[in-house]
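Remarks on the overall topology
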Amino acid sequence: MNRLLIRGGKKLCGEIDIQGSKNAALPIIAATILSGEECVIHNCPHLADTRAALEIIRQLGGKAECDGHTVVINNEDISASEICNELMCSMRSSVLFLGSLLSRRKKAVISYPGGCDIGLRPIDLHLKAFRELGVTVEETGGYIYCSLEKLKPNIINLLFPSVGATENIMLLAAVSDGETIITNAAREPEIVDLQNFLNAMGAKIFGAGSETIRILGVEKLKKVEYNIISDRIFAATCACAAACCGGDVVLRQVEPEHIRLMLSMLKDSGCRISSGKRYVRIQAEERPRGLGKIMTSPYPGFPTDAQALFMSALATAEGTTVFVENIFESRYKHVPELLKMGADIIVDGRLAAVTGCNYIQGAKISAGDLRGGAALVIAGLSAIGDTELSGIEHIDRGYEKIEDVFSALGAEIKRK
Ligand code: UD1
């Protein structure tokens, strides 16, 4: 099994390009099923999750080819309505195929989706919305059987602004007869990217990025060529690493607006931040300062995906930071590993109090989930001595060769 070997303590300096967004790419790959014509997607990251999504397309009868970061998909011959259990379990976003498959085939059979072990992650909001749109849903024997005669346009009030449920409703209703409205919709940049992709295919969707999304159903979607947005959590990972390792890092191909809150928090912790059109520069000359309280919440609040990243960055800060994890109930799996490195962290339910120590030390540690794993890379980079990190298959689900990214910034990190 692969490991990352990290010799910590190096300052990070240089410029890097931020990869395309995983969380935008996955719903967009699912959306291609809505068209029988060729879809060309640029800036698609090479990740275990995007590979699994393309494999789902192939299993359903479509064609998917990669050339660098460009993916060409043709779903003219989609002929199946069932996604195999193995692919469903490989990632959470497999559930997004439910909406597009139902729209295209009027029938979809899936098992419950997998993904990071960070809490219960039910899909009740997706299924409730589907029922309200006229889908017959039967859950039996670990499988979900869905069928649809004709979509009944409706107003869907989401009880929580779920990213996946918002995307699934957009995918189901884009091709339909009538108007579907989502209220309390998720507002993440990836929702806006999905709207832009669908509209480039001929859909009529308005309001993504706000609480209300209007979907005017159209008859058919056509071919498209599209460029995926950059990955804001990848950008946050590099920014957090720079904050605690020190140095001078320029992130290119990034949308500063998508990470504005995180950047202002890193500024509060002592970094110098400047940004312009598609770049952000982080200069860290001093030990970071603790940030008091950080509460995760839906966008535009502080992202749950960045909680572990900031925890690693602030493990050696001057002062204390209390994290409140409001989105997922068990998202502190990285904490025992940070403790092995000498961090001072106390967890109580959804709270984690981090008292910054002068330094943390390299250790033999293991990643248990994607963002927690990336946080452990940050910890290894800032620690004194050597870190051996296992469980890196979790990190590969969301980061394209993370070791190359940090090596390019001057870190000593390799895969073995
Ligand atoms: C997406 C992101 C993930 C991020 C999360 C929250 C992708 C591929 N993944 O995941 O990286 O951490 O948003 O920003 O885009 N919930 C329910 N019932 C549902 C759906 C969700 O109770 O039917 C709950 C979840 O358990 C969780 C919360 O709502 O507590 C947020 O989930 P959601 O926004 O749906 O996240 P995902 O789409 O799974």
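See the structure shown above.
Throughout what follows, the structure given in this document is the object of discussion. Small disclaimer: the values here were computed from a predicted structure and weren't measured.

**A few points about the sheet that holds strand E8 (residues 143-147)**
An order of E6-E8-E7 is seen for the three strands of this open sheet, with the pairing classed as antiparallel. Of all strands in the sheet, those bounded by a partner on one side alone are strand E6 (107-111) and strand E7 (136-140). In this sheet, neighbouring strand axes are inclined to one another by 15° on average, regardless of whether the strands run parallel or antiparallel. Two strands pair when backbone bridges link them, and E6 and E8 are joined in this way by five bridges, in the antiparallel orientation. Note that in E8 the partner of Ala108 across the bridge is Cys146. Against the sheet, helix H4 (residues 97-105) engages E6 and E8, with an angle of about 150° to E6.

**A look at the packing of aromatic side chains**
Aromatic rings in a pair are described by how distant their centres are and how their planes are angled relative to each other. With the rule as written, the count across this model stands at four aromatic pairs. When the centroid spacing of 5.4 Å and the interplanar angle of 80° are considered together, the rings of Phe197 and Tyr226 count as edge-to-face. With a gap of 29 residues between them, Phe197 in helix H7 (residues 189-200) and Tyr226 in strand E13 (residues 224-227) connect regions that are remote in the sequence. Across the pair, exposure class does not vary: Phe197 and Tyr226 are buried alike.

**Points about helix H10 (residues 307-314)**
Among the eight residues of H10, eight are classified as buried, and the element is accordingly described as predominantly covered. Along H10, the residues that are buried comprise Gln307, Ala308, Leu309, Phe310, Met311, Ser312, Ala313 and Leu314.

**Comments concerning the sheet that holds strand E19 (residues 344-348)**
With mixed pairing, the four strands of this open sheet are ordered in space as E17-E18-E20-E19. Here the strands that pair on one side only, and so sit at the sheet edges, are strand E17 (292-295) and E19. Each strand axis lies, on average, 15° off the axis of its neighbour in the sheet, ignoring direction. As judged from the five bridges shared by strand E18 (residues 320-324) and strand E20 (residues 351-355), these two strands associate in the antiparallel manner. Looking across to E20, one finds that Val324 is bridged to Leu351. Where H10 meets the sheet, its contacts fall on E17, E18, E19 and E20, and the angle it forms with E18 comes to roughly 165°.

Criteria and cut-off values
Residues numbered from 1 in each chain as written. Predicted model: local features only at pLDDT ≥ 70, side-chain atom pairs only at ≥ 80, totals over all residues. Heavy atoms only, no water. Pairing = 2+ DSSP bridges. Helix = DSSP H or I, 4+ residues; strand = E, 2+ residues; numbered from the N terminus. Axes fitted to C-alpha atoms, helices over the stretch in contact; angles between N-to-C directions. Contact = heavy atoms within 4.5 Å. Phe/Tyr/Trp six-rings, centres within 6.5 Å; stacked < 30°, edge-to-face > 60°. Buried < 20%, exposed > 50% of the residue type's maximum accessible area, 1.4 Å probe, protein only.

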